[in-house]
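Notes for the structure review
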Amino acid sequence: MIVSRFFEAVVRWQRQHGRHDLPWQGSTDPYRVWLSEIMLQQTQVSTVLGYYDRFLRRFPDVQALASAPLQDVLALWSGLGYYSRARHLHRCAQTVVQRWGGQFPQCAKDLQSLPGIGSSTAAAIAAFCYGERVSILDGNVQRVLTRLLAFEGDLAQSANAKVLWQQAQALVPADATHLQMRAYTQGLMDLGALVCKRSRPACGRCPAQSSCMAHARQQEGDFPVKTRQLRRRTERWWLQVVRRAADGAYWLQPRPAQGIWAGLHAFAVLDEGEAAAQPPAGASGAEGPLWHDPIRHSLTHRDLVLQPVEWRVAAYAPEGPGCWVRSVAELDLGLPAPLRAWLMQRLASAAP
DNA sequence: GAGGCGTGGCA
DNA sequence: TTGCCAAGCCT
């Protein structure tokens, strides 16, 4: 197919049928675009809608974000998942302020040198904000292009993903304007989200239907080819819930810097039930244990069974840092989603 | 290169 | 219920 035909078809389709009212559209402020792109990594639009405006109000510009404590950033990210994004976001803001004079770099190559910005996010920012003629290649585009081209390569192998990206880049005309790049980049995402969906694609509404090789073969469902499958295993964690007898406050402590929920606040995690049945070290006047109903929580690669084991203590002097939480208002912290839900329920229903 | 890293929606 | 996976990046 003539390269520019696909490009122009997507641009035209986006202007007429694409999304135009998302909160991060209509601005070419790289800070706003960058924030949206990071939040949208592996995260659906409907989820991000509940976070984006609140985050922007708290951190209206890159300087505000850079100078904030990381814990404040994690608190606003709480529930969004993939918390390394929040840590990278914070570091990236500081890098932009300290090394780039407060201005985001203006080309994809330099953007990609920043923490948390990979090749696809760099391309998205560069295309939206500066009209750079680079192609994104996220999950949407992989699906759209592998179908368009009947691309058989297994995308689990990075060499194939690289080839597809070169094909994607080849679809962008050398003389594309800034306005076209914006519409095209958004159009690829909109096509993937609204038309060229994973299951039951709406080919009748697709601007590229007549040139789609997978459609011609009625093999839309065969693309993209991606063999990688990760195995999920179940783990049982005992949560050591330390509660102050005087006021019912809960003790929360920061998670290790690596691993699941890194840097968030949580109960201490023990991997043995026997340990959970012992009074917490540093506690005096401990009463318990009280075994709560287990919380089932699934991650991409792990099924967790969280078993809260509560101890009421008269006094507590633990080894590491932490904080007491005794009301819903004090849940203004970076918390794993299942623990936030559990605490919300208990703090909301508890007597004052 | 392969695996770790959250959450929620949907088939 | 279970599995899949979305505007990916990092190690």
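- In the nomenclature of an unreviewed UniProt entry, chain A is known as Adenine DNA glycosylase of Tepidicella xavieri.
- UniProt, in its Function (unreviewed entry) section for chain A, records the words "Adenine glycosylase active on G-A mispairs. MutY also corrects error-prone DNA synthesis past GO lesions which are due to the oxidatively damaged form of guanine: 7,8-dihydro-8-oxoguanine (8-oxo-dGTP)."
- Listed in UniProt under the heading Sequence similarities (unreviewed entry), the comment for chain A reads: "Belongs to the Nth/MutY family."

**Describing the packing of aromatic side chains**
- Overall, the coordinates contain 14 aromatic pairs when judged by the stated rule.
- A centroid spacing of 5.3 Å and a plane angle of 80° characterise the contact between Trp 24 and Tyr 52, whose relative ring orientation is edge-to-face. Of this pair, Trp 24 sits in the loop between helix 1 (3-17) and helix 2 (30-39) while Tyr 52 sits in helix 4 (residues 52-58), and the two are 28 residues apart along the sequence.
- A relative accessible area of 9% places Trp 24 in the buried class.
- Classification of Tyr 52 as buried rests on a relative accessible area of 0%.
- What links up through ring pairs into an aromatic cluster is the set Phe 6, Phe 7 and Tyr 184.
- Just above the ring of Trp 324 sits the side chain of Arg 244; from NZ or CZ to the centre is 4.6 Å.

**Details of the protein's contact with DNA strand C**
- In the region of DNA strand C, 25 residues are neighbours, and Trp 24, Leu 40, Gly 116, Thr 121 and Asn 140 sit closest.
- Within 4 Å of the protein, the atoms of DNA strand C are drawn from sugar and phosphate moieties in a proportion of 62%.
- A distance of 3.2 Å separates a base nitrogen of DNA strand C from a polar side-chain atom of Arg 19.
- Contributing elements (two or more residues each) for the surface near DNA strand C: helix 9 (119-130), helix 10 (139-149) and helix 12 (178-195).
- The residue makeup of the surface near DNA strand C, split by class, is seven nonpolar, 12 polar and six charged.

**A closer look at the pattern of salt bridges**
- Considering all chains together, one arrives at 12 salt bridges under this definition.
- The partner of Arg 19 in a salt bridge is Asp 190, with the nearest N and O atoms 2.7 Å apart. Taken together, the residues span a long stretch of sequence, with Arg 19 in the loop between helix 1 and helix 2 and Asp 190 in helix 12 at a distance of 171 residues. The pair formed by Arg 19 and Asp 190 is uniform in burial state, with each residue classed as buried.
- Across the pair Glu 310 and Arg 243 runs a salt bridge, and its minimum N-O distance is 3.5 Å. Taken as a pair, Glu 310 in strand 8 (residues 302-313) and Arg 243 in strand 1 (residues 233-244) lie far apart in primary sequence, 67 residues in all. As far as the burial class goes, Glu 310 and Arg 243 line up, both buried.
- Residues participating in the shared-partner salt-bridge network are Arg 243, Glu 310, Arg 312 and Arg 346.

Thresholds, definitions, all that
- Residues numbered from 1 in each chain as written.
- Chains lettered and ligands numbered in written order.
- Predicted model: local features only at pLDDT ≥ 70, side-chain atom pairs only at ≥ 80, totals over all residues.
- Heavy atoms only, no water.
- UniProt positions renumbered as here; feature names shortened; annotations may be inferred.
- Phe/Tyr/Trp six-rings, centres within 6.5 Å; stacked < 30°, edge-to-face > 60°.
- Helix = DSSP H or I, 4+ residues; strand = E, 2+ residues; numbered from the N terminus.
- Buried < 20%, exposed > 50% of the residue type's maximum accessible area, 1.4 Å probe, protein only.
- Lys NZ or Arg CZ within 6 Å of the ring centre and 35° of its normal.
- Near = heavy atom within 4 Å.
- Polar contact = N/O pair within 3.5 Å; in protein donor to acceptor, adjacent residues only side chain to side chain.
- Nonpolar A, V, L, I, M, F, W, Y, C, P; charged D, E, K, R; others polar.
- Salt bridge = Lys/Arg side-chain N within 4 Å of Asp/Glu carboxyl O.

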